[in-house]
Amino acid sequence: MARREQAARLFRTVSMTRPSQWLYRLRRVGMEWVDRADWDVAWALTFRREPAALAGQVRWPHFGVGPGMPTAEGLQDGRLELLGRVWTFDGPDLPWRDTQMPALHRFHLHGGGFLKVLAAEGSEESGALARQMMRSWDDACPAPMRPAYAPYCISRRVGAWLSVFSAFPSEQNGPLLASLAGQVNALSWRLERDLGGNHLWENGVALLMAGYGLDCRSSLRWRRLGHAILSRAIRDQVLPGGGHAERSAMYHAVLLEGLLELRAVVEAAGETFPAEYQVALERMAEWLALVVGPSGLLPRMHDSTPGPCPDLGPLLGATGVADGARVAAQAVDGLVVLRGQQAEVQLDATMPGLRHQPGHQHASTLSLTLAFEGQRVIVDPGVCGYAEDPHRAWSRSTAAHSTLELSQRSSSEVWSSFRMGRRPERVVVDGPHPVDVPLGSAWLVRASHDGYRFLEGRPVHERTIFVWHLPGAAVLWIRDEVSDAAHAAVSRLPLHPDVGLNGARLEGVPGSIRGFGFDEHAVEDAFYAPQFGTWMPAKVAVGRSRRARPCGWIVVVGDLVVNDVESGVEIPAARVTLSCPDRSALPL
């Protein structure tokens, strides 16, 4: 890429940030320089250990972990599984200093979430192993070693250590309590105000957990600082419909888990959980219940994968919010959910999220997913990792998603691992509107975005989807139109690895996929990430047009056959004959 274009991209990215972020960034750089300088005075101020006791006996809520994460049995056998990779260790000495471990795995290792697994198991053997691991970490990771003392790792570690102290109270915990107090003091000087987003939220929750969970000289200071951070984060990051502003269901669930843990710590200390936090907790739980629904499938849009995510069933059960409606048609914070008895469609018509923190955003505007009887059919490709590599670049691009790509460009300017420059400024959703059909229920949604306005003619992409839920089947009709047809267009429908496509016939689930309005369409090879660290081969239906004329797809899942499709399909002027086993032909 030419230097001029690189500079322009950097400018577009930086212009989205807040001026305060740069001031805080300079402060953090200064603190890191002080750390490297090894000044005894600075260490005494910012890494100060102090005597501490447990403020109350917390009945810690445990929600389990996703696939590819440690289990109590594995840890007791000397096996550490993190995000699809396995390390073996002797005794309690985990690979704290293993510099060959990928950065993402090191962050999870030093976050210590696996200690919650031992605390939940509850046996004396697990308690002894947990304490030994904490002592091993304390000996192997002197301040300010990175990433052990990275603010995010400290924030995640606070809850993990408190869960062990609550599950296994003992006089032996004294030195470890003092160590945790020192870690929280370090955190209080190194808050991630320059990053913001979920990182700063986690900082605030950790300060509050320590402020209420530990009885020490700094507790009140931590509380005040934590309340200031979390109150602001909730106002900034919880959207009107209850979704988190970074648009990732995984991080949404992790942040919700933190609020539930914080509530338990506050109540154990004999205090009242603040009303604004409780309201945010309930709204976030309602959003998660809606998008997960009775199938329990975690939406994979943006950086979302089941590994680090808590078990959603127990998590939602602890909130007291009922499961998502069995039948639902709703647009919430731009995410459209169209759910029937067997099928579920979700349309990502969200804005790209926090302008100042786009790290977990993908160029996936107006992409959609389809599941049938609990089986994912049309999918978001998922995310394999956060390293700056071709997989990461591809998984964030428009070309990886089930939406329309114009002139081989992405609708949002994603680059590096966590950067985004140009993005849609306007995403409009109209619907879902009920449609009168002779059998079952049907919904129509129209949405558009201007993410391609940088191209000649400032084209706007408009997508119309029609979903018809029938007994034992469903029909998904997708139509894309562009306001300026001068651009080549590619439409893709990525399929789950368990689903194939032979001609128009689906394999793995009953049904078919047919395209219309394309110059050519084919089935090509693609990838799917079931969790961090893992790619699987998959297939993708691809339709290409030299000029962006109206085009789209008709997808049928279940015991229903599309007998005839004519190009230029329009609703209600479509000429599609649907034959249902228990009813004569139904005109769409």
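Residues numbered from 1 in each chain as written. Predicted model: local features only at pLDDT ≥ 70, side-chain atom pairs only at ≥ 80, totals over all residues. Heavy atoms only, no water.

Visitor: So what exactly am I meant to see when it comes to the state of the cysteines here?
Guide: Every disulfide links exactly two cysteines, by a covalent bond between their sulfur atoms. Evaluated as defined, the whole model comprises zero disulfides. Cys141 provides the cysteine sulfur closest to Cys153, a residue in no disulfide bond, and the two sulfurs are 9.9 Å apart. In this structure Cys153 comes out as buried when scored by relative accessible area, which is 0%. Cysteine Cys309 remains unbridged, with the sulfur of Cys384 as its closest cysteine sulfur at 18 Å. For Cys309, a relative accessible area of 3% gives the class buried. (Disulfide = S-S within 2.5 Å. Buried < 20%, exposed > 50% of the residue type's maximum accessible area, 1.4 Å probe, protein only.)

Visitor: Which parts of the structure should I look at to understand a nonpolar patch on the surface?
Guide: A cluster of nonpolar side chains, contributed by Leu10, Val14 and Trp22, occupies part of the molecular surface with about 270 Å² of accessible area. Position of Val14 relative to the elements: it lies in helix α1 (residues 3–14). Among the residues examined, Val14 registers a relative accessible area of 30% and is labelled partly exposed. (Patch = residues over 30% accessible without salt bridge, like charges linked within 9 Å, V, L, I, M, F, W, Y side chains within 5 Å. Areas by Shrake-Rupley, 256 points an atom, 1.4 Å probe, with all protein chains shown as cover. Salt bridge = Lys/Arg side-chain N within 4 Å of Asp/Glu carboxyl O. Helix = DSSP H or I, 4+ residues; strand = E, 2+ residues; numbered from the N terminus.)

Visitor: So what exactly am I meant to see when it comes to the confidence of the model for the protein here?
Guide: Atomic detail in the predicted coordinates should be set aside for any region of low pLDDT. Across the protein, pLDDT averages 87, with 92% of residues at or above 70. pLDDT under 50 marks residues 564–576. Its contacts with residues more than four places away, or in other chains, come to 26 contacts. The low-confidence segment residues 579–588, where pLDDT is below 50, has 25 contacts with residues more than four positions distant or belonging to other chains. (pLDDT = per-residue confidence, 0-100. Contact = heavy atoms within 4.5 Å.)

Visitor: Please clarify how the pairing of strand β16 (residues 473–482) should be interpreted in this entry.
Guide: In summary, the side chains of a regular strand alternate between the two faces of the sheet. Within β16, nine of the 10 residues are buried, which leaves the element mostly enclosed by the surrounding structure. Inspection of the sheet shows strand β15 (residues 461–470) paired to β16 by 10 bridges, in the antiparallel sense. Looking at the pairing, Thr464 lines up with Arg479 of β16. Pairing between β16 and strand β23 (residues 551–558): eight bridges, direction antiparallel. Bridge pairing in β23 links Trp477 to Ile554. (Pairing = 2+ DSSP bridges.)

Visitor: Help me understand the environment of Ser188 in this model?
Guide: Note on placement: Ser188 falls in helix α9 (residues 174–189). Take Ser188: its relative accessible area is 9%, and that puts it in the buried class. Distance in space between the C-alpha atoms of Ser188 and His108 is 21 Å, their sequence separation being 80 residues. Those residues in contact with Ser188 that lie beyond four places of it in its chain are Leu207, Arg221 and Leu225. Side chain to side chain, Ser188 and Arg221 meet in a polar contact 3.2 Å long. (Polar contact = N/O pair within 3.5 Å; in protein donor to acceptor, adjacent residues only side chain to side chain.)

Visitor: It is not clear to me how the sheet that holds strand β21 (residues 520–531) should be interpreted in this structure. Could you clarify?
Guide: The pairing of strands in a sheet happens through backbone hydrogen bonds and is either parallel or antiparallel. A sheet is described by the order of its strands in space; here four strands give the open sequence β10-β17-β22-β21, paired in antiparallel fashion. Each having just a single partner strand, β10 (404–406) and β21 make up the two edges of the open sheet. With strand direction ignored, the average angle separating the axes of adjacent strands in the sheet is 30°. Bridging between β21 and strand β22 (residues 534–545) involves 10 bridges; their strand directions are antiparallel. (Axes fitted to C-alpha atoms, helices over the stretch in contact; angles between N-to-C directions.)

Visitor: Teacher, can you tell me more about the packing of aromatic side chains here?
Guide: Each aromatic ring pair is summarised here by two numbers: the centre-to-centre distance and the angle between the ring planes. Evaluation of the coordinates by the stated rule reveals 14 aromatic pairs. Taken together, a centroid distance of 6.4 Å and an interplanar angle of 90° make the contact between Trp161 and Phe165 edge-to-face. Placement of the pair is Trp161 and Phe165 together in helix α8 (residues 151–167), with a separation of four residues, close to one helical turn. For the pair formed by Trp161 and Phe165, the shared burial category is buried. Pairing Phe466 with Trp468 gives two aromatic rings, centres 6.5 Å apart and planes at 65°, and the pair type is edge-to-face. A residue is classified by how much of its surface remains accessible, and Phe466, at 1% relative accessible area, is buried. (Phe/Tyr/Trp six-rings, centres within 6.5 Å; stacked < 30°, edge-to-face > 60°.)

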